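Residue-level listing of the chains:
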Amino acid sequence: MEQTSAVGPPIELPIIDISNPDDPNVGKAMLDAAAKYGFLYVDSRGTDFAAEDVNRAFELSKAFFASPAEEKATCRITPNNRGWSGMHIETLDPEHQRTGDFKEAMNFGEFKDGKAQQPLPPSLAPHEAEIGHFASLCNKTCNRILKLLALGLQIPNDFFTSRHDPQNGPTGCILRYLYYPSIFSPATSSYQHDVDVRAGAHSDYGSITLLFQRPGQPGLEIRTPDGSWAPVPVQPGKAEDASAFPFPPILVNVGDLLSYWTDGLLKSTIHRVVFPLSEQRSPNPQDRYSIAYFCHPVDTTELVPVPSEAVVAHREYCKKNGIINEQVGFGGGAGNMAPGKRALTAYEHLESRLAATYGFKE
């Protein structure tokens, strides 16, 4: 996971229309992309988001990060993964980073009846309902994707969605505002070229992640099978096609938990955020803002093997060929659980990852 590995050409990922979550052909396309790349785009026209919803979310995010540090500090991040983390607080790749990530973040846990279950800073408190509405749209989109993945795996349509239903208990779902200062910002004065990154190499912790990005603010790269890094375009396809979308397609990636659940059939691909060369050479570099929604199951969900023939076939193929999926922890996957050993729960999985990232100790 060296930070200085070679960077190749931008990766071309499929754009999938999820407007019909009951279409098995779409489910197959979703599964194929998740198994091959671990990343894909969702056509923004096939979701319930309006451009105004996304634009407004970015406006609120920008206002929050521009607010005084003492106001943001009233909501510092806690072991429940909610709140504000300042510059260099998070270190996503401690083995290879000399300093923490060049970013700030604000995490929102679940909303109940439109109400946040955590303190909100002064700049965001008046907009609680808007933030909760955006989180609900994210959750709805995740349910469509999870249903399509179930279709692709040929398991019960509600296998994933029922295990992510907040009516069945609390989940680890997080809506996250992210701010990465530009290369010439005072906050990045300590940046060392070819050494530092905006966000260290990592894979996500949960089931799936939605990522909303802004045009002209690149920086995300994914690790390819040959060990190089491939930039992920904010707006895929030709520049002239961008006007067809109300906002850039939503980038979706598989998290560790879903990879674990499927014994590595679905790829939890390592990724990072960098200061791209185009920005480093620009006379007017931009700050980078993004919004992520991390989808997690209900805390008490036991991570038992997904009952899919495709997963069984993948497991047998790996066993026969001596393939070890290093991205799937806890003994190699749900299907490799030792006889008599209790299944890991979603909460235990998340807790262990957060402890490694922040050094939290209960």
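Residues numbered from 1 in each chain as written. Predicted model: local features only at pLDDT ≥ 70, side-chain atom pairs only at ≥ 80, totals over all residues. Heavy atoms only, no water.

### Let's talk about the overall build of the chain
Regarding its fold elements, the chain presents nine helices and 14 strands. For 362 residues, the compact-globule formula gives about 21 Å, and the C-alpha radius of gyration of the chain, at 20 Å, lands near that figure. By its C-alpha atoms, the chain is 55 × 45 × 45 Å across when sized along the principal axes. Sequence-distant contacts in the chain: of pairs separated by 6 or more residues, those separated by 24 or more amount to 79%. As displayed, the chain has an accessible area near 15900 Å², and 53% of this comes from carbon and sulfur atoms. Positive and negative side-chain charges in the chain, numbering 32 and 43 respectively, have mean positions lying 2 Å apart. (Helix = DSSP H or I, 4+ residues; strand = E, 2+ residues; numbered from the N terminus. Rg over C-alpha atoms; globule rule 2.2 N^0.38 Å. Contact = heavy atoms within 4.5 Å. Areas by Shrake-Rupley, 256 points an atom, 1.4 Å probe, with all protein chains shown as cover. Lys, Arg positive; Asp, Glu negative; His and termini not counted. Charge placed at Lys NZ, Arg CZ, Asp CG, Glu CD.)

### Things to note about the pattern of salt bridges
In total, this model carries 16 salt bridges according to the counting rule given. Each of Glu90, Asp101, Lys103 and Arg176 takes part in one network of salt bridges that share partners. (Salt bridge = Lys/Arg side-chain N within 4 Å of Asp/Glu carboxyl O.)

### A short note on the environment of proline 218
Inspection of the secondary structure puts proline 218 in the loop between β9 (208-213) and β10 (220-223). In this structure the C-alpha to C-alpha distance between proline 218 and serine 190, which are 28 residues apart in sequence, comes to 21 Å. Once residues within four sequence positions are removed from consideration, proline 218 is found in contact with Arg198, Val234, Pro276, Ser278 and Arg288.

### Section: the state of the cysteines
Scanning the model with the defined rule gives zero disulfides in all. Just so you know, cysteine 138 is unpaired, no disulfide at all, and the nearest cysteine sulfur is the one on cysteine 142, 6.7 Å from it. On the accessibility criterion, cysteine 138 (0% relative accessible area) is buried. (Disulfide = S-S within 2.5 Å. Buried < 20%, exposed > 50% of the residue type's maximum accessible area, 1.4 Å probe, protein only.)

### Let's talk about empty space enclosed by the protein
The tally for this structure, following the rule as stated, stands at three cavities of 30 Å³ or more. Taken as a whole, the largest cavity spans an internal volume of roughly 390 Å³. Lining of the largest cavity is provided by 30 residues; of these, Arg176, Leu178, His202, Asp204 and Phe294 occupy positions nearest its centre. Broken down by secondary-structure element, the contributors of at least two residues to the lining of the largest cavity are β7 (174-180), β8 (199-202), β9, β12 (250-254), β13 (271-273), β14 (288-295) and α9 (346-358). Partitioned by chemical class, the residues of the lining of the largest cavity number 16 nonpolar, nine polar and five charged. As a volume, the second largest cavity reaches approximately 50 Å³. Taken together, Met30, Ala34, Gly38, Phe39, Leu40, Ile145, Leu149, Ile208, Val252, Asn253 and Val254 make up the lining of the second largest cavity. Of all the secondary-structure elements, those providing two or more residues to the lining of the second largest cavity are α1 (24-36), β2 (39-42), α4 (128-153) and β12. (1 Å grid on protein atoms, 1.4 Å probe; cavity = no way out; pocket = protein on both sides within 12 Å on 5 of 7 lines; lining within 4 Å. Points joined across faces, edges and corners; volume = space filled by probe spheres on them. Nonpolar A, V, L, I, M, F, W, Y, C, P; charged D, E, K, R; others polar.)

### Thoughts on unusual backbone geometry
For histidine 88, which is not glycine, the phi dihedral falls at a positive 70°. As for its placement among the helices and strands, histidine 88 is situated in the loop between β3 (83-85) and β4 (104-108).

### Some words on the confidence of the model for the chain
Mean pLDDT over the chain works out to 88, with 90% of the residues at or above the 70 mark. Considering only residues more than four positions removed or in separate chains, one finds that residues 327-331, a stretch of pLDDT under 50, has 14 contacts. (pLDDT = per-residue confidence, 0-100.)

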